[in-house]
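# Tertiary structure, described
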Amino acid sequence: NLLPVLTSSSSLKKAEELIHSVPDLTMKVSIIFLLIRSIKIESLASASSKIQSYNDGVKIISIKHNGVISLPFQQKNDMQLLDMPSAQKLTIGNKEKVKSIMKKTFLPDGFPNKTPPGYLSYSIWSWVQDLSTQLRAILATQKVLEGLGVGREGATALSASINFIIRDGCGMASNLIFTATSSDKFKSDVKKWRLFADIMNDVGITLEVAATLVPTYFFLPMICFGNMCKAICGVAAGACNGVISVHWAKGSDISDINAKSGAQQTVSGAVGLLFAGLFAKAVSTVPTTILWFLYTCLTLLHVLANMKCMKLVAFDNFNTSRMDIAVEQFLERVQLVVSKETKDDVDDEKNPRQIPTIDCPVEVSKKEPLFMVPKLMPSSPIVTMGVSFDSLVQQSIDEIEIERCVQDLCDQDFTLSLSGVNKKKIKIALAQGASPVVKAKAYFYAQVLRTLLMDQSSGTSTSTSTSRQILEASDASKELWTIFQESATKAGWNLDKT
């Protein structure tokens, strides 16, 4: 009767009190014996790495000692361990060892509990795009070597070396120029720049493959321009991959994430080389039309895989694209809540005002645009973030408007201004050292102003003065901003990382 109590108890202090409460010495010895036996069984159960139940109630327990999984045992009840047949031991034990090694090599520690959702799917799609790149890269290398004269009578190693030097020099120059002009833009749109990098890589590979189809005097410029596109891809992809690795390292270690990503790329690269060799040999005799059809399919697969990867990366900070989606949802739903409360005449004391909900980062990541497509004829006003105050002053000739901008900068660390034809451009100037929350607040105010301008163009608003429109937007935004903050925090957004 005492055995279940001892088995379920994890406190030695309680066991000691139980022993002292028994007056008979023989009973004390018996209890101590049962206690030692129960502790042994508890130790085995806690060391078990996996327990799998079968229909007959038999459990499989595999003991882990010093990080190594030993051969499993059968347990039919809480007090009996039966050794399994040798063949069954080896089968289950080897499977467990292989699973443990694979997980330790390719997946970060704590997966899947300590990594953001979607990491495994992200890794699989990354393997797909790496494989498609390997297949096309080997084809591009083959075409470049053919263009340099490999296998052609009269071709010299010196001419090929000079072509490679010129090509690599162009790539280095484009690397430096692109870094100098675009390095400060990656953080705001990581996903767009990451997809842009892969598209540039596709353009570069395509130019190298097509270089042999043009006249000879166009061959060197095409392979040079193709290598320049690859260099741009290297800069953008390297910068964006660092931010993406930090995202997957939440709850884990960034060094572990990078190490596992390196292992994944090593395996995908090895498999890609194997398939690339077979692919190059298989397509060496096929017609050009079929070759380009296969190449186009692999390129589209690469872009699709990259889009799938970016959709799985759910950043919890706002940029302009995610802010557009969230604020648009918020303004639509806050109008519904207000109209419902007005219709129902709700008593604020008994039923407090409802907070409109917005989508969480995972849902917004599925809707976030990934392509850098400029709006040639936008139907709604364009919001430009982070313009200089001098540009606002130069565009405005109204002294009252300038005074308002200065006052806004002093009071709230940002100011809004309307410019362009028919006041279709909303520009935001920020004070030096503005916090991330202030940036989010400024963009929220601009979104409310854009909504008012759209209402005006549709005839639902009659205000025409620029100052008047901005004041109306500020008055409406002051009340809505607090509600939006609460709604965004509840949905899982971190405004301090805007």
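Remember, predicted model here, so these are calculated numbers, not experimental data.

## Examining the pairing of strand β6 (residues 414-419)
Of all 6 residues in β6, 6 are buried; the element is thus mostly enclosed. Neither face of β6 is left uncovered, since the one carrying Phe414, Leu416 and Leu418 and the one carrying Thr415, Ser417 and Ser419 both have all their residues buried. Taken together, the 6 bridges between β6 and strand β7 (residues 425-430) define a ladder with antiparallel strand orientation. Bridging across to β7, Ser417 finds its partner in Lys427.

## So, the packing of helix α5 (residues 119-147) against helix α8 (residues 219-248)
Look at α5 against α8: their axes get within 14 Å of each other, and the N-to-C directions meet at 165°. Here α8 runs roughly antiparallel to α5, going by the angle between their axes. In this structure, α5 meets α8 at a crossing whose hand is left-handed. Contacts from Tyr119, Tyr122, Lys143, Val144 and Gly147 of α5 reach α8 at Phe219, Ile223, Ile244 and Trp248. Grouping the amino acids of the contact of α5 with α8 by side-chain chemistry returns 7 nonpolar, 1 polar and 1 charged.

## Digging into the pattern of salt bridges
One pass over the structure, following the stated rule, counts 14 salt bridges. A salt bridge links Asp198 to Arg194; the nearest nitrogen and oxygen atoms lie 3.0 Å apart. Linking Asp198 with Arg194, this pair stays in helix α7 (residues 190-210), spanning 4 residues, or about one helical turn. On the accessibility criterion, Asp198 (8% relative accessible area) is buried. Overall, the relative accessible area of 10% leaves Arg194 in the buried class.

## Brief notes about the side chain of Ser417
By the element assignment, Ser417 lies in strand β6. Take Ser417: its relative accessible area is 5%, and that puts it in the buried class. Aside from chain neighbours lying at most four places away, what touches Ser417 is Leu392, Glu401, Arg404, Lys425, Ile426, Lys427 and Ile470.

## Topic: the nonpolar core
One finds Phe318, Met323, Phe330, Ile358, Phe444, Leu449 and Phe484 to be the most contacted residues of the largest nonpolar core, which totals 37 residues. Sorting the residues of this core by element identifies α11 (320-344), β6, β7, α15 (436-458) and α16 (466-491) as the ones contributing at least two each. Element by element, the count of residues in this core is highest for α15, at 10 residues. Each residue touching Phe318, except ones within four places of it in the same chain, is listed here: Met323, Ala326, Phe484, Ala488, Trp493, Leu495 and Thr498. One finds Phe111, Met200, Cys233 and Ala249 within the second-largest nonpolar core, a separate group that totals 27 residues.

## Some thoughts on the packing of aromatic side chains
Evaluation of the coordinates by the stated rule reveals 18 aromatic pairs. Ring plane angle 55° and centroid distance 5.5 Å describe the contact between Phe444 and Trp481, whose orientation is recorded as tilted. With Phe444 in helix α15 and Trp481 in helix α16, this pair connects stretches of sequence that are 37 residues apart. Put simply, the rings of Phe318, Phe330, Phe444, Trp481, Phe484 and Trp493 touch in pairs and so form one group of aromatic residues.

## Let's talk about the sheet that holds strand β5 (residues 382-385)
Taken together, 3 strands build an open sheet; the order of strands is β5-β7-β6 and the sheet is mixed. The sheet terminates laterally at β5 and β6, the two strands that pair on one side only. Here the average twist between neighbouring strands, direction ignored, is 20°.

Rules used in this analysis
- Residues numbered from 1 in each chain as written.
- Predicted model: local features only at pLDDT ≥ 70, side-chain atom pairs only at ≥ 80, totals over all residues.
- Heavy atoms only, no water.
- Buried < 20%, exposed > 50% of the residue type's maximum accessible area, 1.4 Å probe, protein only.
- Helix = DSSP H or I, 4+ residues; strand = E, 2+ residues; numbered from the N terminus.
- Pairing = 2+ DSSP bridges.
- Axes fitted to C-alpha atoms, helices over the stretch in contact; angles between N-to-C directions.
- Parallel < 35°, antiparallel > 145°, perpendicular 65-115°, else oblique.
- Left-handed = near helix turned anticlockwise from the far one by under 90°.
- Contact = heavy atoms within 4.5 Å.
- Nonpolar A, V, L, I, M, F, W, Y, C, P; charged D, E, K, R; others polar.
- Salt bridge = Lys/Arg side-chain N within 4 Å of Asp/Glu carboxyl O.
- Core = buried A, V, L, I, M, F, W, Y, C linked by side-chain atoms within 4.5 Å.
- Phe/Tyr/Trp six-rings, centres within 6.5 Å; stacked < 30°, edge-to-face > 60°.

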